[in-house]
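Next come the chains, spelled out residue by residue.
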Amino acid sequence: MLLPLTFPAYANIQDASGPPIRVIESDFNSEQTASFISWRTENGLDHTAVGSSSGSINVFSFHPTNTPILDSRARPTITPPSEHNPPTAPSPSPSHSRRHSRSLQSPSSLSFNQALINVSARARVVSGVSCEQVEAPKNYVDFEDEPGRLKDILRSNSKHKRTLADSILPSFDRGVVIEQSPAPASPTLLPTLPNSSSGASSMSNNKDDPRSLLSATNSPTFPSGSLSVLPSPRQLSPFDGSPSRGTVKASIILDPCGSRHAVSGMRYLETADLLVVLQESGKLSAFDMRDSTCVATCECTSTRSYQDQFWKWETIRIVPTGDPTYLILACASPSQPPFSETFGLADEPRDSTARMNMFELSVGDPHGVHPTRFERLASDVWQVDGPAAGVELLMNDTDGSFQLVHINSTNYLVTRRLTIIPAYEIRARGRSFTSSPAHSQEDSKSLAIPNPFKVFGSKSVESVTLLGQNNNSGTEQENISPTIDLGRVQLEEEESRGIVISSPEFLLEGITARYADLNERIIGLAWSNTDITGFIAGEQERDLTTFAVPFRSRGKIQGVHFMDDQTFVALSDTISHYCLRRVDADNNTGTTFSGTSMITQAIQTLTTSGGPSLMLSWSRSSPHDVFALRQLRSGQKEILVHTINPRQDASTKQQRRSLWRAQSPSSGTIPGGATLMSVLPVELNFVLLGYSDGHIRQTSLPCLLQRRCRVQSAPLSAFSPISGDDLLFDKVSNMSLPSFILNMHLVRNDRTGERYILGGTDDGGIAIWALESLKLQARFTPFVVPLTRVAQVLQSNENAGPLRGSLLCVSGDGTIAVVSIEGFEMLYLIPGASSPMARIYTGGDDNNRALLIYADGSARVWDVKSGEFLRATNEEKAKELVDAGGWINISLDKSELTSISISMLSGSAGPVSLCTLLLSLDRFLKYTSVNVKSSGLALSSSSAPSNATLSQLRAVLSVLLTPGLSPDIDEICENRLGTSPTSSTVGFASALATTIYHHDHPIHAWSMSAKVSADRVLAIVSVLKILSFAEELSHDCQTVITFYSTSLAHVVGASYQAPDVAYLATQWFDSSNDIRQAAKTLFEAGIVRLSDEESIALVDAWQHHLPCLQPSIEKESAKSSLALFICGYMAAEKYSLLSTSSLIDISKSIVLYLHDESSAHRGLAIDLCARGFQIWQHYIDAMAMLRALYTLATNTRKEIISARNIGPQARLAVLQIASSSTPFFMTTLTLDILNPKTLDQRKAVMQLVAFMIRKRPLILYPNLPRLMEAVVKSLDPNSTASRDAVLDSATEIIGHVVKTFPTVDFHMATQRLAVGTSEGAFIMYDLKTATQLYVLEGHKRRPAACTFSPDGRRLVTVSLEEGVVLVWKVGSSFTSFFNPGAPPRQGHGGSLPFKTLNFNVGDEANMTITGTLEWVKFEWPAERTVRLHIRESVLTFST
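What comes next is a walk through the structure.

Cut-offs used in this document
Residues numbered from 1 in each chain as written. Predicted model: local features only at pLDDT ≥ 70, side-chain atom pairs only at ≥ 80, totals over all residues. Heavy atoms only, no water. Salt bridge = Lys/Arg side-chain N within 4 Å of Asp/Glu carboxyl O. Helix = DSSP H or I, 4+ residues; strand = E, 2+ residues; numbered from the N terminus. Buried < 20%, exposed > 50% of the residue type's maximum accessible area, 1.4 Å probe, protein only. Pairing = 2+ DSSP bridges. Axes fitted to C-alpha atoms, helices over the stretch in contact; angles between N-to-C directions. Parallel < 35°, antiparallel > 145°, perpendicular 65-115°, else oblique. Left-handed = near helix turned anticlockwise from the far one by under 90°. Contact = heavy atoms within 4.5 Å. Nonpolar A, V, L, I, M, F, W, Y, C, P; charged D, E, K, R; others polar. Core = buried A, V, L, I, M, F, W, Y, C linked by side-chain atoms within 4.5 Å. Phe/Tyr/Trp six-rings, centres within 6.5 Å; stacked < 30°, edge-to-face > 60°.

1. Points about the pattern of salt bridges
- As enumerated under the stated definition, the model contains 26 salt bridges in all.
- Arg 697 is the salt-bridge partner of Asp 693, the closest N and O atoms lying 2.8 Å from each other.
- Across the pair Arg 751 and Glu 822 runs a salt bridge whose closest N-O atoms are separated by 3.0 Å. Of this pair, Arg 751 sits in the loop between β40 (741-748) and β41 (755-761) while Glu 822 is found in the loop between β46 (816-820) and β47 (826-830), placing the two residues 71 residues apart along the sequence.
- Judged by its relative accessible area of 56%, Arg 751 is exposed.
- Three or more residues are tied together by salt bridges with common partners; here these are Lys 1080, Glu 1084, Glu 1133, Asp 1167 and Arg 1171.

Written out as structure tokens, the structure is:
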């Protein structure tokens, strides 16, 4: 379990008089923006995500409010209209839903309904609502049944002219209601469009029924009466009455990050609340935007190779394929390798070829059964002719088919139908192809791959080729098609539609397209930096028409987005809205895109001056808003939103407001200060920081985490106080370097054991410091580019030749500086090549050779001693040389071992990532718990190890806690546990990415998601449990644990996200024992907190994955064991909610793991046996389960003992079952003693009895007679083998019983055993014959003790409840031969005892059974004298 701990106080050292620096803002200002996206969630909050060129993402959240316009100059630039009749005031419409299934309502609809467009007198149109009753078409069309009928409807209505209302209304849910009156009325005047017909002509053609511009099926139904305008955007809920404010919600550090890992593309999935991120390096990730955590990741290429760095993955296209799944297309364009600039390589003309891959994103379920995951569908060979920016993926809503649309290198529009083959069919094909011998090699070439989706059309699949590769005809095509394999992606024949771009100066930057006109045509837009062109592709090949889009702007186009079929928006320095319409030669508006005589026009309806911006973003979830990211002249970045609401009047139609602005300057521009550039964690109390002022400074983890204020620069001594006892640094290096310290490496002289720090600077220099004193030892400047990696050749390596005992310092251009670790002298300098270093070998025939292999596959051989270049070769030849022997591989990634508890993030994405250390909580708790236990219970004693450990625990706990929720808990934590408020924060880390949160209120920490709450509370409870080992802190730790485990829901309120029980269960499997205990505690509290409905839903989701229901190969899987954990503990706690079938499956799964000796989950089964044995015993063989526990509790075979010793756990389970199901336990125990299947089983049971007597004597006390009878019978002399096997165990049991229970006594000489019963009788056994001799019945109440006289002829018994001592004659007599089984004669008639002695000790005789075991004892001072001890009373009797 990793905890990312961020310490922003050390990011900058600045003058005390300067303004405070906010690290996140400073980092955000300085990083280069690579991508920008915005969206609105269902709760009305706006969000943006900004991706950087170094691989980080900053997520912002904005609370909505009505904010005044910042710039009143942001006015529409549409020319005023000519005089005409003013339109009537529309009546208000009811509110409509903002979200739609396919397209959102157009924000520009009716944006010019106040007559803002200039029209000529000839083209002026006055249009009205038809009084003719027309049946509106259906919203649902069955293409299978009535295709002809639908087209007839369209043709029959094409003769009518469209009204102006239809031209400007959006094609889907407009929020417009037009009612038709039965009698003609004066028409409602609407705004006019350019190039429309005259007013008279319009008046004479007003009988048309309003139609959508592009889609007849989506036309609204028009009742009669009134016209109401488009509703405004959904009213946002107020946020506590405060002004609009934005907050940095989280910073995401991707893995890997740094150069060449820029965030090149982002897409938000509204229905799943996921953000899909593409990096230049080809990594695809999905983030849950509730908590900004990474939930899935994959690589765009199946294997990483050198050639991958020549591709830049930059665009992603996403289409939904179902409720939980999405189809994702990732595209890459050729790019220069990362070292091209380093080596001064000239930019070569890029090939106009795009590389692609396709993925299926399956969204996980809320219970964690099926996690979110990517599945790669295509192979790595998929390429397309044309730029990656010109590729689009579409889905036809009618038949569910997919269409790949792209513009090739010759500017032709190419479409290709795409099919996703189901995975099961791929497996079936593989079996059929490989298992059938009837198919020859020749036959396999002509095998037709059937199309599983019949509805995709009648076109046959002629070939499966690389996209963009033209199909040849005849025999050539047949030879090529079978050789291409794209995995599950199947492509049909390529169709060339026509030229889209005619100008050679048009450099394509992007494309967007969508289906229109009943999904029969594709409408799209392509743009360069300055121009936009549109196109419409029909069903037939070469059926393509283009249209121009008027656009003027100073800045480059950053994106064009369809708002619906007939409106779109272009983003640049000016935000332009457009409306599409179809007209004929007479400028009469058409109905659809069909008809060769019709042409398409793009009308600019509204423009807004946005000003220069770094990035712009528009989303369908907030169609009226355009978000902008800009950078001020001061270097600070700002996020704004432009709201364009065409419904409002001219004064409020367009607004611009600032949502967030950085207050801190960019990193590196801080006056009089230094910026953190590198971190090297050596130990928990030894962390080195490298700054831009050339100094190395030493501190500790507690100091990093618990500092609240900023670090000051003056004075920069080793102990510069900030406030009180708070010290700045432990040590500072003695000399300042004139450059930045970019990286640090720990090296060690293996001869002397001394350790040093080797650092690289930004000027290509190398510096070496002594670790203990931070004194500068040596400094060189051998490189042109900075140091990247360090390798060490040990002194003990005799075959290393001249490199023995040296440091190999490798720069970014592959140059190697060989430095001696003894005198820190520069020995050799090996020049670099045209590619970075990959591997280094030393040795050869004379051990003087160095073999260097580079990333581009080239290799060089050098003579290190003479510095002579011997030869150049390639990687294959170099491997052959190495395989011949005599070479030593020098690892470039291996360095001196630093702290195993804390580590740095891989790569660097700016100051925020540098200020973040990953704490391995498992290792940290293991280390601290050992120190705590070895220092004794008093952790706050004066011992140095205890103080250091206490400081570390307090520092981590201070970051984890959320002060401000409860004053009482805050007081306990600060005054008793020693925590302190801190500016450090904790995030969420996984193997996929690291998320750093920026909370401005403690409640927000518990309102992110159930997973984040579980992660944080688990860390808190785990640390507190270790801290509770200190005796004086134990009670306070338990109080805080109880608060965070049970009281947060009440304190936080409705926004509280309860810890995810599935996540806690996962941590129980994956973590160390310290965290396992905390996870178990929180999990049990979590399932108790769940409601009945939530509990049932959780079990229903997981029960189908129980081990007993899985195939053999899946029974031990992580999902099966997790299902048993969740369902098992839920059933033990709330079994009444579960069905009988569920309980049976759970019980069988427990037995399955319990009896499987090879199972790694027997510990889980044992724990569940103990928790719910009374439940499981009704559904399985309970005796078999209990006997399995007996075996595990007593087994000492080495092959049974595993890393997690389950013997103690099994013994505890037996004790718990014995306590809860005592009758059943004793019955099974007795039967196994008397009738064991094997001698080993009997011996194991006898050992278990001895264990029970030591640990739980009160459980056995009521059943002592039965138990002792079974033990006696096991010593039957007639079964010699059995007696010999259990003799030692039986003797041990009898010894423990006699020592523990006063009511049982044994006389060695006579081999007699007396056992008292709760009814008052005593049973006499003869162990020689293993038989019962007789029963002595004298007491009428429960006896308390018994004892044999030294000669064995008297038995004395006592009953405290009766207050009487009885003396019995038990020696052998003459009459016993004639009356076997009868007790000896007591000297008088009847069965009365030999003597009856009464006593009275008052209240001292009143005691429990436990008291009698401790306070009642017999003592024989003489042959016939006995003393009875009852507490403090002593009674003496003569027998």
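2. A look at the pairing of strand β30 (residues 625-631)
- Of all 7 residues making up β30, 5 are buried, and the element is well covered by its neighbours.
- In the sheet, strand β29 (residues 615-618) pairs with β30 via 4 bridges, with the strands oriented antiparallel. Bridge pairing in β30 places Ser 617 opposite Phe 627.
- Linking two consecutive strands that pair antiparallel, namely β29 and β30, is a turn of 6 residues.
- The antiparallel hairpin formed by β30 and strand β31 (residues 637-644) contains 5 residues in its connecting segment, where Gly 635 sits at a positive phi of about 95 degrees.

3. Notes on the packing of helix α11 (residues 921-934) against helix α15 (residues 1010-1027)
- Contact geometry for α11 and α15: axes closest at 10 Å, N-to-C directions at 15 degrees. Here α15 runs roughly parallel to α11, going by the angle between their axes. Between α11 and α15 lies a crossing whose hand is right-handed. Along its contact with α11, which presents Leu 921, Leu 925, Thr 928, Ser 929 and Val 932, the element α15 presents Ala 1019, Ser 1022, Val 1023 and Ile 1026.
- Here the contact of α11 with α15 is composed, by residue class, of 6 nonpolar, 3 polar and no charged.

4. Topic: the sheet that holds strand β58 (residues 1304-1307)
- Ordered in space as β58-β59-β60-β61, the 4 strands form an open sheet in which the pairing is antiparallel. Looking at strand neighbours, the two that pair on one side only are β58 and β61 (1331-1337), the edges of this open sheet. This sheet shows a mean twist of 20 degrees between the axes of neighbouring strands, independent of strand direction.
- Bridge count between strand β59 (residues 1312-1316) and strand β60 (residues 1321-1326): 5 bridges; the pairing is antiparallel. In the strand pairing of β60, Arg 1312 is matched with Asp 1326.
- Helix α29 (residues 1264-1273) rests against β58, β59, β60 and β61 of the sheet, and its axis sits at about 160 degrees to β59.
- Packed onto the sheet, helix α30 (residues 1280-1300) meets β58 and β59 and runs at close to 125 degrees relative to β58.

5. Considering the nonpolar core
- Ranked by size, the top nonpolar core spans 191 residues in total, and within it Trp 1006, Tyr 1044, Trp 1102, Leu 1229 and Leu 1313 carry the most contacts.
- Among the elements that make up this core, the one with the highest residue count is α15 (11 residues).
- Look past the residues within four positions of Leu 1229 in its chain and what remains in contact with it is Tyr 1190, Val 1245, Leu 1248, Val 1249 and Leu 1267.
- Among the nonpolar cores identified, the runner-up in size contains 22 residues, and Ala 354, Met 356, Ala 388 and Ile 420 belong to it.

6. Focus on the packing of aromatic side chains
- Enumeration over the complete set of coordinates arrives at 25 aromatic pairs.
- Ring plane angle 5 degrees and centroid distance 6.4 Å describe the contact between Phe 60 and Phe 62, whose orientation is recorded as stacked.
- Overall, the relative accessible area of 1% leaves Phe 60 in the buried class.
- Residue Phe 62 is classed as buried on the basis of its relative accessible area, which comes to 2%.
- With a centroid separation of 5.7 Å and 65 degrees between ring planes, the pair formed by Phe 1069 and Phe 1125 is classed as edge-to-face. Taken together, the residues Phe 1069 in helix α18 (residues 1061-1070) and Phe 1125 in helix α21 (residues 1118-1134) connect sequence positions 56 residues apart.
- The exposure class assigned to Phe 1125 is buried, which follows from its relative accessible area of 0%.

7. Topic: the sheet that holds strand β66 (residues 1416-1422)
- The 3 strands are arranged β66-β67-β68 in an open sheet whose pairing can be described as antiparallel. A strand with exactly one partner marks an edge of an open sheet, and here the two such strands are β66 and β68 (1433-1438). Along the sheet, successive strands turn relative to each other by an average axial angle of 25 degrees, direction set aside.
- Examined bridge by bridge, β66 and strand β67 (residues 1425-1430) share 5 bridges and lie antiparallel to one another. Residue pairing for β67: Glu 1419 is matched across the bridge by Arg 1427.

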